[in-house]
Amino acid sequence: MSLYTEITKLPRDPIIGLTELFKNDKRSTKYNLGVGVYLDENGNVPVLESVKKAAQLLYEKKDPCVYLPMVGLESFCEATKKLLFGLTYSSNVNIITTQTLGGTGALRLGAELLQRTKTVPFVAISEPSWENHRNIFESAGFKVKTYPYYDPNTNSFLFEQFLTFLKSLPKYTVVVLHANCHNPTGIDPAEEEWQEILDIIQKLDLIPFFDLAYQGFKASLKEDVSVLQTYIKFEKPFLVANSFSKNFSLYGERVGALSIFSCSHEESIKIQSHLKNIIRSLYSTPPTYGQRIVEQVLSNQKLYAIWQSEIQLMRTRITDMRNQIVKAFEEENLTSFSFIKDQHGMFSYSGLEKIHAEELRKKFGVYILDSGRICIAALNKNNLKYVTNAISAVVYKKMIQTKSF
């Protein structure tokens with residue numbers, strides 16, 4: 001017997017564990033299409049020009065690296081509120097924005113706060129959803145259920161089934177919603193569908209928790225937060241976890257924020273006190289460098305304009321890769337992948353199965369999640385043909401085996 005005898009080894013994380021396998025692969029030809037990182041046309045993580053210019057400004061200021069307030073720098077939080085809610089709502093005293101350790105930290109901080117209310121019966125996430133959603137809320141002590149979202153037979157959104165599920169939920173159920181660019185499917189509700197979803201949620205006093213990790217990667221910075229600005233008009237409680245990892249290419253800096261809309265200024269003050277208490281017990285104060293870069297860009301008109309252009313280039317490249325991979329599949333006589341063109345954001349739920357993913361890793365060094373999720377943003381002109389040839393090989397192999405059986 002030892003201190004750790006009673007704990008058992010857990011399975012590897014589906015995403016980070018896949019990257020570990022990729023790094024340990026000694027083959028010279030290998031491609032990681034599993035991790036959620038935007039890569040440029042040369043397969044590199046870009047350093048944005050807006051970020052470089054902001055970093056230079058910070059260097060010239062030579063500010064000391066002191067502890068920040070527990071909830072982060074006020075100017076960063078205010079700039080984030082304007083980005084998410086626009087000038088119309090950013091000054092609303094019922095909105096609290098707190099700097100967090102990336103989008104993951106925002107989700108966990110929100111989960112810890114919700115647990116303290118002792119009123120949430122459970123948390124509902126989409127089926128499928130980002131691999132870490134369940135882990136975050138279960139680790140905070142919640143029971144997690146799934147709602148119908150994706151039909152693998154038609155590669156479409158299960159709108160009516162989702163509405164039926166919502167209508168069955170008890171009051172104060174937390175419903176985790178992907179604000180845009182649904183991860184992993186890349187399929188979002190249409191505008192009129194969003195309107196009906198949000199209307200039901202507010203009428204039934206459910207609590208939407210929006211996960212916004214890809215602002216700017218679907219339509220534009222402004223359009224990609226329309227769902228938030230629609231819901232705020234109801235003046236009902238909601239939470240938003242947003243990340244700056246992807247749209248600033250600042251993955252390792254862990255820059256994110258949690259925004260909470262409450263019903264009164266008095267409630268906001270109470271909530272703020274609990275957020276500070278939770279933060280103090282977890283990490284005391286947030287890091288400085290990454291959030292100062294983001295704050296510089298969001299508050300400087302010239303840098304903001306450069307950043308907008310860079311996001312547009314990233315968004316355009318992702319769309320172009322969607323079209324190119326569909327075309328490449330068609331050249332391999334795989335016309336069943338045409339739905340990829342209609343998805344949005346960095347990811348595609350490809351329809352490939354675990355057996356395909358294992359075969360791609362083993363024989364071709366192509367790493368995708370066992371769920372079939374592919375990071376479209378990791379494709380480029382140099383690896384596209386290799387990847388589509390590999391997928392074609394494993395798909396045709398299964399088709400032949402099925403027919404012979």
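Residues numbered from 1 in each chain as written. Predicted model: local features only at pLDDT ≥ 70, side-chain atom pairs only at ≥ 80, totals over all residues. Heavy atoms only, no water.

Enquirer: Tell me about helix 12 (residues 301-331), and please be specific about residues and values.
Expert: Here helix 12 is 31 residues long and its end C-alpha atoms lie 45 Å apart, about the 45 Å a rise of 1.5 Å per residue gives. A side-chain oxygen of the first residue of helix 12 lies 3.0 Å from the backbone nitrogen of K302; this N-cap is N300. Just beyond helix 12, the residue with positive phi is N333, at close to 65°. (Helix = DSSP H or I, 4+ residues; strand = E, 2+ residues; numbered from the N terminus. Expected span 1.5 Å × (residues − 1). Polar contact = N/O pair within 3.5 Å; in protein donor to acceptor, adjacent residues only side chain to side chain.)

Enquirer: Mind laying out the packing of helix 3 (residues 74-90) against helix 11 (residues 289-299), listing which residues take part and the relevant values?
Expert: Direction vectors running N to C along helix 3 and helix 11 enclose 55°, while the axes themselves pass 9 Å from each other. Considering the angle they form, helix 3 stands oblique to helix 11. Relative to helix 11, helix 3 is oriented so that their crossing is left-handed. Within the contact between the two elements, helix 3 uses S75, F76, A79, T80 and L83 and helix 11 uses Q291, V294, E295 and L298. Tallied by class, the residues present in the contact of helix 3 with helix 11 amount to 5 nonpolar, 3 polar and 1 charged. (Axes fitted to C-alpha atoms, helices over the stretch in contact; angles between N-to-C directions. Parallel < 35°, antiparallel > 145°, perpendicular 65-115°, else oblique. Left-handed = near helix turned anticlockwise from the far one by under 90°. Contact = heavy atoms within 4.5 Å. Nonpolar A, V, L, I, M, F, W, Y, C, P; charged D, E, K, R; others polar.)

Enquirer: Lay out the nonpolar core with the relevant residues and their values.
Expert: Of all hydrophobic cores here, the largest spans 62 residues; its most connected members are F248, W307, F337, M346 and I391. The set of elements that each furnish at least two residues to this core consists of helix 2 (49-61), helix 3, strand 10 (255-261), helix 11, helix 12, helix 13 (354-364), strand 13 (373-375) and helix 14 (384-404). Take this core: its biggest share by element is 9 residues, from helix 12. Excluding residues that lie within four positions of it along the chain, I391 makes contacts with F329, F337, L352, L360 and I374. (Core = buried A, V, L, I, M, F, W, Y, C linked by side-chain atoms within 4.5 Å. Buried < 20%, exposed > 50% of the residue type's maximum accessible area, 1.4 Å probe, protein only.)

Enquirer: Tell me what's going on with empty space enclosed by the protein, and back it up with residues and numbers.
Expert: In the structure shown here, the tally under the stated rule is 1 cavity of 30 Å³ or more. One number sums up the size of the largest cavity: a volume of about 50 Å³. A class-by-class count of the residues in the lining of the largest cavity yields 6 nonpolar, 2 polar and no charged. (1 Å grid on protein atoms, 1.4 Å probe; cavity = no way out; pocket = protein on both sides within 12 Å on 5 of 7 lines; lining within 4 Å. Points joined across faces, edges and corners; volume = space filled by probe spheres on them.)

Enquirer: Residues and numbers for the pattern of salt bridges, please.
Expert: Inspection of every chain in the model, using the stated rule, returns 13 salt bridges. For D188, the salt bridge goes to K218, with nearest N and O atoms at 3.1 Å. Here D188 is found in the loop between strand 7 (174-178) and helix 7 (191-203), whereas its partner K218 is found in the loop between strand 8 (207-212) and helix 8 (226-231), with 30 residues between them in sequence. Here D205 ties to K236 by a salt bridge, and the two come within 3.1 Å at their closest N and O atoms. Here K236 lies in the loop between helix 8 and strand 9 (238-243) and D205 lies in the loop between helix 7 and strand 8, a separation of 31 residues in the sequence. A residue is classified by how much of its surface remains accessible, and D205, at 27% relative accessible area, is partly exposed. A single network of salt bridges, built from pairs that share partners, joins E49, K52 and K53. (Salt bridge = Lys/Arg side-chain N within 4 Å of Asp/Glu carboxyl O.)

Enquirer: Describe the sheet that holds strand 7, with residues and values.
Expert: Ordered by their spatial adjacency, 7 strands build an open sheet running 2-10-9-8-7-3-4, and the pairing between neighbours is mixed. At either margin of the open sheet sits one strand with a lone partner, and together these are strand 2 (95-101) and strand 4 (144-148). Within the sheet, the average angular offset between the axes of one strand and its neighbour, ignoring direction, is 25°. Bridging between strand 2 and strand 10 involves 7 bridges; their strand directions are antiparallel. Paired with I95 across the two strands is F261, which belongs to strand 10. Along the sheet face, helix 6 (residues 159-167) touches strand 3 (123-127), strand 4 and strand 7 and points at about 140° away from the line of strand 4. (Pairing = 2+ DSSP bridges.)

Enquirer: Go over the packing of helix 2 against helix 11 with me, naming the residues and quoting the values.
Expert: Axis separation between helix 2 and helix 11 bottoms out at 9 Å; the angle between their running directions is 110°. Judged by the angle between their axes, helix 2 and helix 11 are roughly perpendicular. Taken together, the residues of helix 11 that come into contact with helix 2 (itself represented by S50, V51, A54, A55, L57, L58 and K61) are Y289, R292, I293, Q296 and V297. Residue classes in the contact of helix 2 with helix 11 are distributed as 8 nonpolar, 2 polar and 2 charged.

Enquirer: Got a sec to walk through the packing of aromatic side chains? Specific residues and values, please.
Expert: Going through the model one piece at a time under the given rule, you end up with 24 aromatic pairs. The interplanar angle of 10° and the centroid separation of 5.5 Å between the aromatic rings of F238 and F261 together place this pair among those described as stacked. Taken as a pair, F238 in strand 9 and F261 in strand 10 lie far apart in primary sequence, 23 residues in all. For the pair shown, F238 and F261 are each scored as buried. Members of the aromatic cluster, each reached through a chain of ring pairs, are F85, F210, Y231, F234, F238 and F261. Seen from the ring of Y59, K62 lies directly overhead, with NZ or CZ sitting 4.2 Å from the centre. Above the face of the F122 ring, K145 is positioned so that its terminal group lies 4.2 Å from the ring centre. (Phe/Tyr/Trp six-rings, centres within 6.5 Å; stacked < 30°, edge-to-face > 60°. Lys NZ or Arg CZ within 6 Å of the ring centre and 35° of its normal.)

Everything listed is a geometric property; what it means functionally is a separate question.
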